[in-house]
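Observations on the three-dimensional arrangement
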Amino acid sequence: MTNPAFRGAAFVKTIVDWARQYCQENQLDYIRLDTWGDNPRLIDYYVSCGFTYLKTIDLDNTEGLPKHYKGVLALLEIPI
């Protein structure tokens, strides 16, 4: 959840700008991230920040991991 005092400050776009520069300086091909796959609003926001939605995967073999490691993830990337 975003602190209301910081909502709308476009921090993701700032982070993407930094990550793009970092990738270029370090010969990396992609910026990648994952987020919960059951949050289409958040996925749409990341797409609006330049990410391409790749796919959704269901995490398996999570026995013994904390609850936040279980569920469906959306995978996104920005090619550099």
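Quick note: structure is the one above.
As a convention, each chain's residues are numbered from 1 in the sequence order in which they are written. Restriction of local features to residues with pLDDT of at least 70 applies here, the model being predicted, together with a cutoff of 80 or more for giving and counting side-chain atom pairs; totals for whole chains, interfaces and linings are based on all residues. Think of the side-chain values as coming from all heavy atoms in the structure, minus any hydrogens and water.

**Quick look at the pattern of salt bridges**
Any carboxyl oxygen of Asp or Glu within 4 Å of a side-chain nitrogen of Lys or Arg constitutes a salt bridge here. One pass over the full model with this rule turns up 1 salt bridge. Residue E77 pairs with R32 through a salt bridge whose shortest N-O separation is 2.8 Å. Of the two residues, E77 sits in strand β3 (residues 72–79) while R32 sits in strand β1 (residues 30–36), which places them 45 residues apart along the sequence. Burial classification: accessible surface area is computed with a 1.4 Å probe over protein chains only, and a residue below 20% of its type maximum counts as buried, one above 50% as exposed, and the rest as partly exposed. Note on E77: relative accessible area 13%, which makes it buried. By relative accessible area, which is 55% here, R32 ends up exposed. Counting from the N terminus, the helices are the DSSP runs of H or I reaching at least four residues and the strands are the DSSP runs of E reaching at least two.

**Regarding the layout of surface pockets**
Its boundaries defined by the atoms lining it, the largest pocket holds a volume of some 550 Å³. For the largest pocket, the lining is made up of 14 residues, of which T2, R7, V12, L42 and Y45 are closest to its centre. When residues of the lining of the largest pocket are assigned to their parent elements, the largest contribution, 4 residues, is made by helix α2 (residues 40–48). Residue polarity is assigned by list, with Asp, Glu, Lys and Arg as charged and Ala, Val, Leu, Ile, Met, Phe, Trp, Tyr, Cys and Pro as nonpolar; anything else, Gly included, falls into the polar class. Per-class residue counts for the lining of the largest pocket are 9 nonpolar, 3 polar and 2 charged. Residues are called lining when one of their atoms sits within 4 Å of a cavity or pocket point, these points coming from a 1 Å grid over the protein atoms alone, where a cavity is a set in which a 1.4 Å probe fits but cannot get out and a pocket is an open set with protein on both sides within 12 Å along at least five of seven lines. Grid points are joined across faces, edges and corners, and a volume is the space filled by probe spheres set on the points.

**Here we look at unusual backbone geometry**
One non-glycine residue with positive phi stands out, namely A10, at about 60°. Along the chain, A10 falls in the segment before α1 (11–25). Under the relative-accessibility criterion, A10 is labelled partly exposed at 34%. Its identity as a non-glycine residue notwithstanding, N61 has a phi of 55°, on the positive side. Note on placement: N61 falls in the loop between β2 (52–58) and β3. Judged by its relative accessible area of 74%, N61 falls in the exposed class.

**With respect to the sheet that holds β3**
Sheet strands pair via backbone hydrogen bonds, and the direction of the pair is either parallel or antiparallel. For two strands to count as paired, DSSP must find a minimum of two bridges between them. One open sheet accounts for 3 strands, arranged β1-β3-β2; its pairing is antiparallel. With one partner strand each, in any of the chains shown, β1 and β2 form the two edges of the open sheet. With direction set aside, neighbouring strand axes in the sheet form an average angle of 25°. The pairing of β1 with β3 spans 7 bridges and is classified as antiparallel. Looking across to β3, one finds that T35 is bridged to A74. Should any heavy atoms of two residues lie within 4.5 Å, those residues are counted as being in contact. Axis definition: a line fit to C-alpha positions, over the contact stretch in the case of helices; interaxial angles, taken between N-to-C directions, run 0 to 180 degrees. The sheet strands contacting α1 are β1 and β3, and the helix crosses β1 at an angle near 140°. In the packing of α2 onto the sheet, contacts are made with β1, β2 and β3, and the angle to β1 comes to roughly 165°.

Scope: geometric values only; no functional claims are made or implied.
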